[in-house]
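An overview of the molecular structure
One letter stands for each residue in the lines below.
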Amino acid sequence: GGNSRSPGMSWSTGLLGIFDDFEIYMYAFSGYGSYLLPAHVSVDIHEGQAAFGLPSGAIANMFKSCGVTERDAACLLNGCVYDIVPCVYILWRGKLRERFAIDGNLVGDAVACICCTQCTVMQDARELKKRGGGRVTAPANAEMER
């Protein structure tokens, strides 16, 4: 018997292609980018929602008068999860690979995340941006939600 799995797609940029998208590069290495970029990418991976079904809508409603959107709340929740359990990003990367049928496996995701987390998150952000599945942009250029 052979492998019945059809081959998936490849990443559109390399893991170390950090200069392939200068906007994402600048965001990743800005003051809070190392914390915010994984949170924003994870929200894009989860199609605008917080991971694990966390209640971003309830958080957004609590702080609606401050201008907090549901996407903001999802970023906050995912950022907190990532801050407490950084290895969760390995699972989020797997979800991205699954969503776009990109070749790879959990071990490869773990190695990439452990060896260079920022490179991995930036590659994921570039992938989302190229495939139209993400809104990761520098905060100054992000659209206002109403």
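Remember, it's a predicted structure, so these values are computed and weren't measured experimentally.

**Here we look at the packing of aromatic side chains**
Per the stated rule, a full pass over the model turns up 5 aromatic pairs. When the ring of F19 is compared with that of Y25, the centres are 4.8 Å apart and the planes differ by 45 degrees; the resulting orientation is tilted. On the basis of relative accessibility, which here comes to 56%, the residue F19 falls in the exposed class. Where Y82 meets Y89, the ring centres are 6.3 Å apart and the plane angle is 80 degrees; that geometry is what we call edge-to-face. For the pair formed by Y82 and Y89, the shared burial category is buried. Here a set of aromatic residues connected by ring pairs shows up, and it is made of F19, F22, Y25 and F29.

**A look at the environment of D83**
Here D83 shows up in helix α4 (residues 70-84). A residue is classified by how much of its surface remains accessible, and D83, at 56% relative accessible area, is exposed.

Parameters at a glance
- Residues numbered from 1 in each chain as written.
- Predicted model: local features only at pLDDT ≥ 70, side-chain atom pairs only at ≥ 80, totals over all residues.
- Heavy atoms only, no water.
- Phe/Tyr/Trp six-rings, centres within 6.5 Å; stacked < 30°, edge-to-face > 60°.
- Buried < 20%, exposed > 50% of the residue type's maximum accessible area, 1.4 Å probe, protein only.
- Helix = DSSP H or I, 4+ residues; strand = E, 2+ residues; numbered from the N terminus.

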